[in-house]
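# Inside the fold
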Amino acid sequence: MGRPRRYCAQPCRQRAYERRMAVQRGGLPEDAVVLSAAELADLQDRLFQLRCAAEDVATAVDDGAEGPELRKLAAELVNTAQDLERLR
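The following paragraphs examine the structure supplied in this document. As the structure is a computational prediction, the values presented were derived from the model and not from experiment.

For the rest of this paragraph, the subject is the pattern of salt bridges. The full count for this structure, using the stated rule, is three salt bridges. Arg-46 is the partner of Asp-42 in a salt bridge, and the nearest nitrogen-oxygen pair spans 3.2 Å. Note that Asp-42 and Arg-46 are positioned in helix 2 (residues 37-62) at a spacing of four residues, about one turn of the helix. Arg-46 sits in the buried class, given a relative accessible area of 4%. Among the salt bridges present, the one from Glu-55 reaches Arg-51, with a minimum N-O distance of 2.7 Å. Here Arg-51 and Glu-55 lie together in helix 2, a separation of four residues that amounts to about one turn. Classification of Glu-55 as partly exposed rests on a relative accessible area of 39%.

We now examine the layout of surface pockets. Any space left empty among the atoms is revealed by the rolling of a water-sized probe across them. Approximately 240 Å³ is the volume found for the largest pocket. What lines the largest pocket is Arg-3, Pro-4, Arg-5, Arg-6, Tyr-7, Ala-9, Gln-10, Arg-13, Tyr-17 and Arg-20. Within the lining of the largest pocket, the residues separate by chemical class into four nonpolar, one polar and five charged.

In this section: a positive patch on the surface. On the surface, Arg-3, Arg-6, Arg-13 and Arg-20 cluster together into a positively charged patch. By the secondary structure assignment, Arg-6 is in the segment before helix 1 (10-26). Residue class for Arg-6 comes out exposed when judged on its relative accessible area of 74%.

The rules behind these values
Residues numbered from 1 in each chain as written. Predicted model: local features only at pLDDT ≥ 70, side-chain atom pairs only at ≥ 80, totals over all residues. Heavy atoms only, no water. Salt bridge = Lys/Arg side-chain N within 4 Å of Asp/Glu carboxyl O. Helix = DSSP H or I, 4+ residues; strand = E, 2+ residues; numbered from the N terminus. Buried < 20%, exposed > 50% of the residue type's maximum accessible area, 1.4 Å probe, protein only. 1 Å grid on protein atoms, 1.4 Å probe; cavity = no way out; pocket = protein on both sides within 12 Å on 5 of 7 lines; lining within 4 Å. Points joined across faces, edges and corners; volume = space filled by probe spheres on them. Nonpolar A, V, L, I, M, F, W, Y, C, P; charged D, E, K, R; others polar. Patch = residues over 30% accessible without salt bridge, like charges linked within 9 Å, V, L, I, M, F, W, Y side chains within 5 Å. Areas by Shrake-Rupley, 256 points an atom, 1.4 Å probe, with all protein chains shown as cover. Lys, Arg positive; Asp, Glu negative; His and termini not counted. Charge placed at Lys NZ, Arg CZ, Asp CG, Glu CD.

Listed below in structure tokens is the structure:
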């Protein structure tokens with residue numbers, strides 16, 4: 001009966017309220033994403049891993065690496081990028 005629930009439970013409702021209030025106080029846009037210092041450091045580390053994997057592929061190409069080695073390095077690059085896509 002009645003309208004459907006917007007929040008699954010009171011704690012979710014409270015967190016949404018706190019987020020809205022923080023956005024209003026901080027002057028941030030509604031769709032802003034806020035990361036803790038630890039989350040930012042983790043993201044930067046994973047971006048560095050991605051860059052290193054891409055540099056490994058570029059170096060292997062410059063050195064004339066063969067297909068199997070390039071496939072292995074490309075697979076590592078893809079795995080690193082997929083891991084980066086999943087924000088923790």
